[in-house]
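# Commentary on secondary and tertiary structure
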Amino acid sequence: MDVSDLAKVIGYEVDSLLEAINQAGLSQSSANDNISTEDRKKILEHIKSTKKGSKKTISIAKKTKTETKKDEGQISITRFKSESQTAKEKSSSGDLSGTIDFEAAEKRRVQASSDKKAQDEEREKRIKDSSTKVIRKTKQEQAKQSKGSTSPKKSTKTQRKDLKSPAKDSKLDKKEQEGEKFLESQLASVQKFEKPAEFIQKEISIPETISVAELAKGLSVKSSDLIKALMNNGIMATVNQSLDQETAVLITTELGHVGNPIQENEAEEKMLEGFAQEGEQIARDAIVSVLGHVDHGKTSLLDYIRNSSVADKEEGGITQSIGAYQVSIEDKNLTFIDTPGHAAFSKMRARGANSTDIVVLVVAADDGVQPQTVEAINHAKAAGVQIVVAINKIDKPEADVDKIKGDLAKEELVAEDWGGDIQMVPVSAQSGEGIPELLETIFLVAEIMDLKASFEGPATGVVLESGVKRGEGAVATLLIQQGSLNTGDFILVGDQTRKIRALKDFNDKPIKTAQPSSPVSISGLEYPPSAGDQFYVLKDEKTAKNLSEERATKEREKRLSRMGSLNSENIFANADGTKPSINLILKSDSNGTLEALSGSVLNMKVDEVNLKIVLDGVGSITENDVNLAIASEATIFGYNVRADTTALNLAESEGIEIKYFGIIYDLLDSIKALIEGSLEPEIKERQLGIAEVKELFKSPKFGLIAGSMVTDGSIMANKLVRVLRDNIVIHEGKLDSLRRFKDEASEVKSGTECGIGITNYTDAKVGDVIEVYEREEIARKLES
């Protein structure tokens, strides 16, 4: 860039710019001299500094003229002369910005004059408006006075007041100005929100359920930003909707904050602090859980000990629910908890281990350590209870006790005779061999543990199983751990407080009271409680009801938050509309088996199918269940329950399928088959034959016919074909016509000539290869 180019850019004359360059101490002296980037910066800085000096001169001139306090016309003339003189002085001294400053000063003068005029006009308008209001008010008063009184003096006074309106106007104007100043001071005092310049990480406590608004407030973020973060994670939620604890912690972490989950059990903790056992701690009976793999003989072993035959009554010959029994042996009592061995009943086995003092691990001598055996060992270790191993079925020819001990040693259970600390007793549930030694071992371990409990005061314990019985309603099997349980006691279990209507022992005989370590059945509940819930007998009915209501509220909030999450998951899952949905309704006879069923179904994770349990419940299949199935297009599965007449008739009329099962294997297999039927089948191709085009013919009936030689396999009519040219597929279609000479043929084998016609294809050439194949659909199977 040269001097003339820079002069055009900044709007200067070339001579003026050269003079400025000379004042800046630079070497350029003609219009064609080049200016470097460094020189250009120096020139511009010099011009800016010159302008600042000129502005200061003008402001001093203004201050001098304002102090003279002459009329506006004289002030303008003086200001104009002063600025003109200053501009001339600057011009003569070489200040290039003088002319520009003079024009700016003139603009400011014109602007100030117009602003003063606008202010005067607005002031006159306000005075006029105020006068109009006063006159209108005076006329209204005169009208009222003329109606109520004929006195002329009041009218005269009113007229006199009108004469004072200008003074009033000035007062009103003053008040208006004071009001404006007050408003400005108020607005200035309002605290304004300023977004923090840096991100501040917050650490908050998150309860079991929290609304979106509360979470946003705790994190100091906008609700809209929090909802956006939820949507990014596939969760649709409104500002008032509740979130479960897990979701809230996840979103908090994603936003860069720290969320600490807390349990809100203050009321319960206060109540339980006052729940003290009364009386002396006395020795109690041992509680023994029998665990092991399915069909290893757990129930058969208990049957021999109790001289009963429970296993024969079990459908399918396997235990499918938890059972509790009490056995008297030589004036000593033992409480046995029998648990299922099927893989689906994992939670039930864990519950049995947590409710017990001693675990008897049953292992079949002819089968060895199996998956549920290992799981039972882990449950027992996690619960911190003593383990006694019963090696069953030693009467079978293929039994190998030493092999079983070796397999158990791999799971860190070493027998005493192998140098370990685990009692292992070989037994036979059929002949009774070794069972007395097993019982003696259990009594010995219990004696060493020195088990004690309070037999006085209110009872507390755990729910082993629950369900619905005809004529009794909701019932529950309880294991008493402390205190005494009596008929008529108020019991708090889960989120319900009810009075015990009937109390029965393990033989289903009515009793009045029950002591620690006793398994009992109670009725009088509103609905079956969850297996594993802790129960308490409370003297203060009001406190118990308040606590149950608080628990019910929390459970309802959890359920609603889970439903919201599921609904948003379904919205995003079905956004493409390609995934089939399978909805299920599960009804069972007991809570424990329902828990096992729901867990097994939810473990069937299939990416191509949206599998959802619409409802799971305990009791018979009702009309409401069928109506829900109609609305959600669900299939109903009943486990050891049946549909009532009304529900059955409605299901038949609406085409709703109800399936009944008595064995958990069969029910789960049926659900698997339902899922597999909705999966897209796998497509496999099978090549049938290959032919090479030798000559082309045209037929008035079939169009182009490719005279071909079958080189491999067989060519079959009405099959799929591909046409290849230079090993590149150029057409796919269907074989329309297959002839051997002039006769139609269904199949032409290798080494034979034939005529091939392809549907809607007339571009075949000599040398093309025709590949004939078929597609097979193979039904997909779920992995076991």
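For the structure, see preceding data.
Residues numbered from 1 in each chain as written. Predicted model: local features only at pLDDT ≥ 70, side-chain atom pairs only at ≥ 80, totals over all residues. Heavy atoms only, no water.

## Comments concerning the overall build of the protein
- Looking only at helices and strands, the protein features 22 helices and 33 strands.
- Looking at the protein residue by residue over its 784 residues, the buried ones come to 41%.
- Excluding contacts between residues fewer than 6 apart, the proportion of contacts in the protein whose partners are at least 24 apart in sequence is 70%. (Helix = DSSP H or I, 4+ residues; strand = E, 2+ residues; numbered from the N terminus. Buried < 20%, exposed > 50% of the residue type's maximum accessible area, 1.4 Å probe, protein only. Contact = heavy atoms within 4.5 Å.)

## Structural notes on helix α1 (residues 3-10)
- Three or more residues of α1 are buried, namely V3, S4, L6 and A7. Angularly, the buried residues of α1 cover 160° about the axis, an arc narrow enough to put them on a single face. Away from its buried face by more than 90 degrees, α1 exposes K8 and V9.
- Positive backbone phi, at 75°, marks G11, one or two positions downstream of α1. (Arc of directions from axis to C-beta.)

## Notes on the sheet that holds strand β20 (residues 519-525)
- Strand order in the open sheet formed by seven strands is β17-β16-β21-β13-β14-β20-β18, with antiparallel pairing between adjacent strands. On the outer flanks of this sheet lie β17 (496-499) and β18 (502-504), each paired with one strand and no other. The sheet shows a mean angle of 35° between the axes of neighbouring strands, direction not considered.
- Sheet topology note: the strand β13 (residues 460-469)/strand β21 (residues 534-537) ladder contains three bridges and is antiparallel. Bridged to G461 within β21 is F535. (Pairing = 2+ DSSP bridges. Axes fitted to C-alpha atoms, helices over the stretch in contact; angles between N-to-C directions.)

## Some words on helix α16 (residues 401-410)
- Of all the positions in α16, only I404, K405, D407 and L408 are classed as buried. All buried residues of α16 project into a common sector of 160° when viewed along the axis, lining one side. Exposed residues pointing more than 90 degrees away from the buried face of α16 are listed as D402 and K410.
- Packed against the buried residues of α16 are β9 (358-364), α15 (371-383), β10 (386-392) and β11 (423-426).

## A short note on the packing of aromatic side chains
- Inspection of the entire model under this criterion finds one aromatic pair.
- When the centroid spacing of 6.1 Å and the interplanar angle of 20° are considered together, the rings of F637 and F661 count as stacked. With F637 in strand β24 (residues 634-639) and F661 in strand β25 (residues 658-661), this residue pair connects regions lying 24 residues apart in the sequence.
- According to the relative accessible area criterion, F637 is buried, its value standing at 1%.
- If you follow K332 out to its NZ or CZ, it ends over the ring of F443, 5.3 Å from the centre.
- Of note, R642 hangs over the ring of Y660, and the distance from its end group to the ring centre comes to 4.6 Å. (Phe/Tyr/Trp six-rings, centres within 6.5 Å; stacked < 30°, edge-to-face > 60°. Lys NZ or Arg CZ within 6 Å of the ring centre and 35° of its normal.)

## Focus: the sheet that holds β24
- Strands sit in the order β23-β22-β24-β25 across an open sheet of four strands; the sheet is parallel. Each end of this open sheet is capped by a strand with a single partner; those strands are β23 (610-618) and β25. The mean inter-strand angle of the sheet, taken between neighbouring strand axes irrespective of direction, is 20°.
- This element, helix α19 (residues 591-602), spans β22 (581-588), β23 and β24 of the sheet and lies at about 180° to β23.

## Here's the deal with the environment of E692
- Position of E692 among the secondary structure elements: in strand β26 (residues 682-699).
- The spatial distance from the C-alpha of E692 to the C-alpha of G767 is 6.3 Å, given a sequence separation of 75 residues.
- Look past the residues within four positions of E692 in its chain and what remains in contact with it is G707, S708, M709, T711, G767 and D768.

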